[in-house]
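Tertiary structure, described
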Amino acid sequence: MTDSIMSKAATMEIPINSNGDTGALQEDDSLEQAAKLQWSLDEQVGSSRGTRDLQQVMVSGPNLNETSIVSGGYGGTAEGIISTSSIKGPNMHHSSSSSSMMAEEATRGVAVEKIEAMRKWSLNTYKCTKQMISERFGRGSRTVDLELEAQIELLRDTKRKYENVLRLARALTNHFYNMVQTQHALGDTFADLSQKSPELRDEFGYNAETQKLLCKNGETLLGAINFFVSSINTLVNKTMEDTLMTIKMYENARLEFDAYRSDLEELSQGPRDAVAMARIEAAQQQYQVHKDKYERLRSDVIIKLKFLEENKVKVMHKQLLLFHNAISAYFAGNQQQLEETLKQFNIKLKPLGVDKPSWLEEQ
């Protein structure tokens, strides 16, 4: 549209007088009209472009990163123009870089610690495995404490025997519980038959009373046996097991101590240059560390063995006395002595069925 209007303005006819010259007034009017038309067209084009630019700015917003700051006046050189994209807060750079550096250092520190722990574990495992193989094939020497090892072996043998006592006591509890249940059912059956059989009422009645009495005494004996089993189980699976765990730690410390001792002896028999002396000094430090650990655990084992023996004698004295008195009173038919035995050891009876061993204990 603009091109067509401008073409019309450019081809506008200008009248010529009879002498071949254009009229001055008409010429001036025509030129003025053409200039006014050109100015109006330019103004319309400029306003339409300004409107589109303003709409674009309002929609997209100004890009601050592309904004320039002019330091000089009008007509200043390009050196005075500073791009705002290059201006950023120094604190943001510093905080982000410092946080990233701290994260990298923390990650690197964790990785270094893991690698160092793995290296030490591998070296220790190698030395201990080498020492174990040497001892089994009779090539290496080992530290021996004859008295302590005899006590440890005695404890392991005692634990095996007490485990057998515990297994048999649980079997007795299970069988006796079934017998008491059978006596209870038999007593109920006799009592029912005494009501339905007038001619045998007295006979069924006597047997029903006898079975009920036996069932009551059996429940009392079951309480004593369950207390015996519980005490033996605590002694075997907690007290003795705790001591054996300490013994296992002591044996591992003994193996490590002998491994580093053998390593130090091998280095001491080698050359004495600067590198070898540094290795000998490091081996001496490791030897001293494992020696202290071995002696500390050895002392712990001696103390625990002593206390375990005292505790075992005390517990078994009480439990064996309880078991003997309860069994003797039950099979003698002495109900009063059986009840006094339970009072003597502060045993409280529970209803029948509560103390039945679980299916795990029956295995």
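Structure's up top.
This report concerns the structure included in the present document. Note that the structure is a prediction, hence the values are computed from the model and not measured.

Check the secondary structure of the protein chain and you find eight helices and two strands. Reading the helices (α) and strands (β) of the protein chain from amino to carboxyl end gives α-α-β-β-α-α-α-α-α-α. The buried share of the protein chain, reckoned over its 363 residues, is 25%. A sequence separation of at least 24 residues applies to 75% of the contacts in the protein chain between residues at least 6 apart. Summed over all atoms, the accessible surface of the protein chain reaches about 25800 Å², with 57% contributed by carbon and sulfur.

In this structure the tally under the stated criterion is 16 salt bridges. The partner of Asp157 in a salt bridge is Arg160, with the nearest N and O atoms 3.5 Å apart. On the criterion of helical spacing, the pair formed by Asp157 and Arg160 is a turn pair, its members being three residues apart in helix 4 (residues 146–196). Across the pair Arg261 and Glu265 runs a salt bridge whose closest N-O atoms are separated by 3.1 Å. Here Arg261 pairs with Glu265, and both are found in helix 5 (residues 201–268), just four residues apart, close to one helical turn.

Within the largest apolar cluster, 44 residues are counted, with the highest numbers of intra-cluster contacts made by Ile152, Leu155, Ile247, Tyr250, Val301 and Leu305. Secondary structure elements with two or more residues in this core: helix 4, helix 5, helix 6 (274–331) and helix 7 (335–344). Take this core: its biggest share by element is 18 residues, from helix 5.

Here we come to the side chain of Thr158. Inspection of the secondary structure assignment puts Thr158 in helix 4. In this structure Thr158 comes out as buried when scored by relative accessible area, which is 13%. From its side chain, Thr158 meets the backbone oxygen of Leu154 in a polar contact 2.8 Å long. Those residues within four positions of Thr158 in sequence are excluded, and the remaining contacts are Met240 and Lys312.

Turning our attention to the side chain of Thr220. Relative to the helices and strands, Thr220 resides in helix 5. By relative accessible area, which is 5% here, Thr220 ends up buried. If we skip the residues at most four places from it in the chain, Thr220 touches Leu338, Leu342 and Leu349.

Let us look at the packing of helix 5 against helix 7. Following both chains from N to C, one finds helix 5 and helix 7 inclined at 25 degrees, their axes separated by 10 Å at the closest point. Taken together, the axis directions place helix 5 and helix 7 in an arrangement best described as roughly parallel. You can see that helix 5 and helix 7 cross each other, and the crossing is left-handed. Contacts between helix 5 and helix 7 involve Leu213, Lys216, Asn217, Thr220, Leu221 and Ala224 on the former and, on the latter, Gln335, Leu338, Glu339 and Leu342. Looking at the contact of helix 5 with helix 7 residue by residue, the classes come out as five nonpolar, three polar and two charged.

Attention now goes to unusual backbone geometry. One non-glycine residue, Asn346, adopts positive backbone phi at about 55 degrees. On the secondary structure map, Asn346 appears in the loop between helix 7 and helix 8 (359–362).

Here Ser194 shows up in helix 4. Expressed as a C-alpha distance, the spacing of Ser194 and Tyr206, which sit 12 residues apart in the sequence, is 9.3 Å. Those residues within four positions of Ser194 in sequence are excluded, and the remaining contacts are Arg201, Phe204 and Gly205.

Between its first and last C-alpha atoms helix 6 spans 83 Å; for 58 residues at 1.5 Å apiece the expected length is 86 Å, and the two agree. Two residues or fewer past helix 6, Gly333 is found with a positive phi of approximately 75 degrees.

Rules and cut-offs
- Residue indices begin from 1 for each chain and proceed along its sequence in written order.
- In view of the model being predicted, local features appear only for residues whose pLDDT reaches at least 70, and side-chain atom pairs are presented and counted only at 80 or more, with totals across whole chains, interfaces and linings using the full set of residues.
- The side-chain values count all of the structure's non-hydrogen atoms but skip hydrogen atoms and water molecules.
- Put simply, DSSP H or I for four residues or longer makes a helix, DSSP E for two residues or longer makes a strand, and each gets a number counted from the N terminus.
- Think of it in three bands: with a 1.4 Å probe and only protein chains considered, a residue is buried below 20% of the maximum accessible area for its type, exposed above 50%, and partly exposed in between.
- Only heavy atoms enter the contact rule, under which two residues are in contact if any of them lie within 4.5 Å.
- Each accessible area value is a Shrake-Rupley result obtained with a 1.4 Å probe; residue values ignore everything except the protein chains displayed when judging cover.
- Basic side-chain nitrogens of Lys or Arg form a salt bridge, by our definition, when they fall within 4 Å of a carboxyl oxygen of Asp or Glu.
- In plain words, nonpolar cores are sets of buried Ala, Val, Leu, Ile, Met, Phe, Trp, Tyr and Cys residues tied together by side-chain atoms within 4.5 Å.
- A 3.5 Å cut-off defines polar contacts: any pair of N or O atoms within that distance qualifies, except that in protein one atom must be a possible hydrogen donor and the other a possible acceptor, and neighbouring residues in sequence count only when both atoms are side-chain atoms.
- As a rule, the C-alpha atoms of each element are fitted with a line to give its axis, helices using only the stretch in contact, and angles between N-to-C directions run from 0 to 180 degrees.
- Any angle between 65 and 115 degrees counts as roughly perpendicular, while under 35 counts as roughly parallel, over 145 as roughly antiparallel, and the rest as oblique.
- Crossing handedness follows the turn of the near helix against the far one: under a right angle anticlockwise gives a left-handed crossing, and clockwise gives a right-handed one.
- Any residue that is not Ala, Val, Leu, Ile, Met, Phe, Trp, Tyr, Cys, Pro, Asp, Glu, Lys or Arg is counted as polar, Gly included; the first ten are nonpolar and the last four charged.
- One less than the number of residues in a helix, times 1.5 Å, gives the span that helix is expected to have.

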